[in-house]
Amino acid sequence: MIYQGNAITVVQRDDGIAMLTFDAQDESVNTLSSKMIEEFEAALAALGEAANVKGLVITSAKDAFIVGADITEFHGMFRRDEDFLVDMNTRVHGIFNTLEDLPFPSVAAINGLALGGGCEITLACDFRVMSDSAKLGLPETKLGILPGWGGCVRLPRLIGADNAIEWISGGTENRADAALKVGAVDAVVSGDALEAAALDILGRANAGELDHQARRSVKQSPLMLNAIEQMMVFETAKGYVAGKAGPHYPAPIEAIKVIQKGAGEGRERAQAIEAKAFAKLAKTDVCYHLVGLFLSDQLVKKKGKQYANQAAAVNKTAVLGAGIMGGGIAYQSAYKGTPILMKDIKEEALQLGLQEARKLLGKQLERGRLSSDQVAEALSNIRPTLSYGDFGDVDLVVEAVVENPKVKEAVLAEVEGLLDDNATLTSNTSTISIDRLAANLKRPENFCGMHFFNPVHRMPLVEVIRGEKTSDAAVAATVAYARQMGKTPVVVNDCPGFLVNRVLFPYFGGFSLLVEQGADFERVDKVMEKFGWPMGPAYLLDVVGMDTAVHAQAVMAEGFPDRMAQEAKNGGKTAIQRMYDEDRLGQKNGKGFYRYEEDKKGKPKKVSDEQAHALVEEAVDTRGEFSDDDIIARMMVPLCMEAVRCLEDGIVATPAEADMALIYGIGFPPFRGGALHYIDALGVETFVAQAETLAEELGPLYRPTERLRDMAAKGERFYPDTSESDQ
Ligand SMILES: NC(=O)c1ccc[n+]([C@@H]2O[C@H](COP(=O)([O-])OP(=O)(O)OC[C@H]3O[C@@H](n4cnc5c(N)ncnc54)[C@H](O)[C@@H]3O)[C@@H](O)[C@H]2O)c1
């Protein structure tokens, strides 16, 4: 035994090879926490002092190799000043350099996921062998930082600047075959052959067949690129990546700059450049929010897992209705491996549903994500039917018929009679109260909402809505099924609009008021897109459809008449209502706030439309002057206030779940962390002051709650302030 720590052991074999194993006690995965780094340093020191070591194999006793740094430490660490962060990374550089400089050859045996710092440890080894099921990657830019433990220096020297830029700026997790192709690893073998393969490499290195010193020297020298190559690689990449990442995500571009600046330098100087850039990015708001998002996502996923662990098996399901949503639900279930019956009352609807599933599976085949056998298998998981035969052994049903309470009530009662007593019944309704739909059922405890978003295959969120009588078992089964479909479920309580639409409609309310006061809707769209939304409110309304928006708005007005029943001042009609009355339904019939033409690929492209402007003009009451910041405040305050109310009313359990639902459900700008993160970032006090001023002019939609005022007075926030911890 050379070293024994809590998470790392180093054992010397009879042939002199040292086996260093990561195995964090009481943890399901290995992360490089500060404690782990300290142990690693001690283990390497012990290795340096041990006699007759002939080589080193680094591996893990967990399913994954090392999943990365311990992100729960980031907020505390990143509050420290830049000098501290530079010193911190310089120290880790020193430790990893010690690994690289060991007086014997080293090999990483990558048995599972090796990400971030875990990947960077493997890069400091002379050789890498990888299990065929493992993945390797540097996802740091997704957290608003860059690989800070040598990844920006070693990876380009190992696989070329172009490949390294792709890995680092994309933050991709790369499969073994892809890693082998670019030369990131030396061999790919099956998991059980990994150790033998690693030992074989060391044997060949010691026999002089493989030159590990030459390997080291490549990683420690400047990158071999002439000036023209440099220009081609870096400048082209910067243009491309900037276009893809957009102006709100600086990390991918910074990473390219770090690789470029360090290209002409040796190891230590290139590492110093990396450390400095890392420290700068770690201090940005974007990084703060992206790290917060990661932590919230983990919390949401953990809660989902807890529910799912208590759920009865969901092996066979059914969807009622083969329309836009039903077809999408059937596809997603089948693609992810849960067989599903798709029932409709019209043969044409079934055919359309199947056709859509075929189209989406065809795309997966084209992209190489599925083989033709897998496509056939997925398709065979969907069984279209016009009858209720075979419903007896179904574990869960999703009702997705037309949005009409009478039809839904009838359909739900009908299907309930055919199901096993323990089966779960759910509805994908977007506006009808779950308690109302439960009222006619014999087993309301087995019933809850399962609200998908359109398009189902692309939108990650599923709201699981608990009614007054819904049992834990029904919630658990529904959460489990959402997870089986690859979705992120968030459990909420029943209320008009549930969580997401309840928060979205006040945002549309803010939009209507702005337009009424003379703001140009195309400008509002531009400002909100610049703020970070994937589309502005007018464009979003066109996508949602004016009929759906008008209907949902009426439901919200009835549910919350104090603030959501909007009386438009000029003639009593909002711009949205006027669009609807003129049959401008949005994208679905080619005209709404914009006109839609087909682009070259046959996709709808929006163009400005004078008629739409003339129509909106009729809704204008006064003519105000608005700065971009005014527009942002008038749009964001009602949305954020409703998120606060949902939390206060217990519709959603935690700020993290509320924020993740908005990001996954309506595309709230991720780099701003969600509505409650956004309030924290502005400062609760500042937000309340802003809301109060707006409420004076614009009414209750903008008015802060008592509780929020109280939070402002006490200096409280939604998420813990990490600025004083760990200092
Ligand atoms: N479209 C969206 O963006 C969206 C988003 C979230 C939720 N929803 C909700 O999903 C549900 C379905 O919406 P959609 O857009 O898919 O509607 P849709 O009109 O495209 O499809 C409804 C389907 O239900 C079928 N149907 C009607 N009565 C039936 C019955 N008794 N048994 C079986 N099938 C029957 C119809 O033939 C049709 O194929 C609605 O409750 C809607 O509010 C829609």
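What you see is a predicted model; the values in this text were computed from it and never measured.

**Observations regarding a positive patch on the surface**
On the surface, Lys 363, Arg 367, Arg 369, Arg 458, Lys 601 and Lys 603 cluster together into a positively charged patch. Mapped onto the secondary structure, Arg 369 falls in the loop between helix 15 (347–366) and helix 16 (372–380).

**Some details on helix 9 (residues 212–220)**
Turning to helix 9, its buried residues number three or more, namely His 212, Arg 216 and Lys 219. With its buried residues spanning 65 degrees around the axis, helix 9 presents them on a single face. Those residues of helix 9 hidden inside the fold are in contact with helix 3 (82–100), helix 4 (117–124), strand 7 (127–131), helix 5 (151–159) and helix 8 (194–206). The opening residue of helix 9 is Asp 211, an N-cap whose side-chain oxygen sits 3.1 Å from the backbone nitrogen of Gln 213.

**Observations regarding the site of the ligand**
Taken together, the neighbourhood of the ligand is formed by 22 residues, with Met 325, Asp 344, Glu 403, Lys 408 and Ser 430 sitting nearest. Here an oxygen atom of the ligand and a backbone polar atom of Met 325 are 2.8 Å apart. When the ligand is considered free in solution it has 830 Å² of accessible area, and contact with the protein chains removes 80% of it. Looking at the shell around the ligand, the elements that each hand over two or more residues are helix 14 (324–335), helix 17 (405–416) and strand 16 (447–452). Its residues assigned to classes, the shell around the ligand shows 10 nonpolar, 7 polar and 5 charged.

**Some words on the packing of aromatic side chains**
Summed over the entire model, instances satisfying the criterion amount to 18 aromatic pairs. When the ring of Tyr 249 is compared with that of Phe 671, the centres are 5.4 Å apart and the planes differ by 80 degrees; the resulting orientation is edge-to-face. On the criterion of sequence distance, the pair formed by Tyr 249 in the loop between helix 10 (227–245) and helix 11 (251–262) and Phe 671 in the loop between helix 28 (655–666) and helix 29 (675–682) is long-range, its members being 422 residues apart. Where Tyr 388 meets Phe 391, the ring centres are 5.2 Å apart and the plane angle is 85 degrees; that geometry is what we call edge-to-face. We note that Tyr 388, like Phe 391, is buried. The rings of Phe 511, Phe 521, Tyr 539, Phe 593, Tyr 594 and Tyr 596 are connected pair by pair, giving a single aromatic cluster. A cation over an aromatic ring shows up here: Lys 606 above the ring of Tyr 539, its NZ or CZ 4.9 Å from the ring centre. Note that Arg 672 overlies the ring of Phe 531, its terminal NZ or CZ placed 3.8 Å from the centroid.

**Side note on the pattern of salt bridges**
Pairing of side chains with opposite charge becomes possible as their charged atoms draw close. Per the counting criterion, the structure on display carries 46 salt bridges. With a shortest N-O distance of 3.0 Å, Asp 15 and Arg 13 are connected by a salt bridge. A residue is classified by how much of its surface remains accessible, and Arg 13, at 31% relative accessible area, is partly exposed. In this structure, Arg 269 engages Glu 265 in a salt bridge whose closest nitrogen and oxygen atoms are separated by 3.1 Å. Using a relative accessible area of 22% as the deciding quantity, one classes Glu 265 as partly exposed.

**Section: the UniProt feature "domain: 3-hydroxyacyl-CoA dehydrogenase NAD binding" (unreviewed entry) in the chain**
Sequence positions flagged by UniProt for "domain: 3-hydroxyacyl-CoA dehydrogenase NAD binding" (unreviewed entry) are, in local numbering, residues 317–495. This span, residues 317–495, is 40% helix and 21% strand, and a straight line between its end C-alpha atoms measures 26 Å.

**Quick look at the environment of Thr 654**
Structurally, Thr 654 can be placed in the loop between helix 27 (628–648) and helix 28. Put simply, Thr 654 and Tyr 719 are 65 residues apart on the chain and 9.7 Å apart in space, counted from C-alpha to C-alpha. Discounting residues that sit within four places of it in the chain, Thr 654 has contacts with Leu 299, Lys 303 and Leu 647. A distance of 2.6 Å separates the side chain of Thr 654 from the side chain of Glu 657, its partner in a polar contact.

**What to know about the sheet that holds strand 2 (residues 8–12)**
Pairing in this open sheet of 7 strands is mixed, and the strands run 1-2-3-4-5-7-10 from one edge to the other. With one partner strand each, in any of the chains shown, strand 1 (3–4) and strand 10 (187–189) form the two edges of the open sheet. Along the sheet, helix 8 makes contact with strand 3 (17–22), strand 4 (55–60), strand 5 (106–110), strand 7 and strand 10, crossing strand 7 at roughly 160 degrees.

**Let's talk about the UniProt feature "domain: 3-hydroxyacyl-CoA dehydrogenase C-terminal" (unreviewed entry) in the chain**
The UniProt entry lists residues 497–596 and 631–716 under the feature "domain: 3-hydroxyacyl-CoA dehydrogenase C-terminal" (unreviewed entry), expressed in the numbering used here. Taken end to end, residues 631–716 comprises 72% helix and 0% strand; its first and last C-alpha atoms sit 27 Å apart.

**Some thoughts on the side chain of Thr 59**
If you trace the backbone, Thr 59 turns up in strand 4. The exposure class assigned to Thr 59 is buried, which follows from its relative accessible area of 15%. Separated by 3.2 Å, the side chain of Thr 59 and the backbone oxygen of Ala 109 make a polar contact. Residues contacting Thr 59, with those up to four places away along its chain left out, are Leu 20, Thr 21, Phe 22, Phe 65, Ala 109 and Asn 111.

Cut-offs used in this document
- Residues numbered from 1 in each chain as written.
- Predicted model: local features only at pLDDT ≥ 70, side-chain atom pairs only at ≥ 80, totals over all residues.
- Heavy atoms only, no water.
- Patch = residues over 30% accessible without salt bridge, like charges linked within 9 Å, V, L, I, M, F, W, Y side chains within 5 Å.
- Areas by Shrake-Rupley, 256 points an atom, 1.4 Å probe, with all protein chains shown as cover.
- Salt bridge = Lys/Arg side-chain N within 4 Å of Asp/Glu carboxyl O.
- Lys, Arg positive; Asp, Glu negative; His and termini not counted.
- Charge placed at Lys NZ, Arg CZ, Asp CG, Glu CD.
- Helix = DSSP H or I, 4+ residues; strand = E, 2+ residues; numbered from the N terminus.
- Buried < 20%, exposed > 50% of the residue type's maximum accessible area, 1.4 Å probe, protein only.
- Arc of directions from axis to C-beta.
- Contact = heavy atoms within 4.5 Å.
- Polar contact = N/O pair within 3.5 Å; in protein donor to acceptor, adjacent residues only side chain to side chain.
- Near = heavy atom within 4 Å.
- Nonpolar A, V, L, I, M, F, W, Y, C, P; charged D, E, K, R; others polar.
- Phe/Tyr/Trp six-rings, centres within 6.5 Å; stacked < 30°, edge-to-face > 60°.
- Lys NZ or Arg CZ within 6 Å of the ring centre and 35° of its normal.
- UniProt positions renumbered as here; feature names shortened; annotations may be inferred.
- Pairing = 2+ DSSP bridges.
- Axes fitted to C-alpha atoms, helices over the stretch in contact; angles between N-to-C directions.

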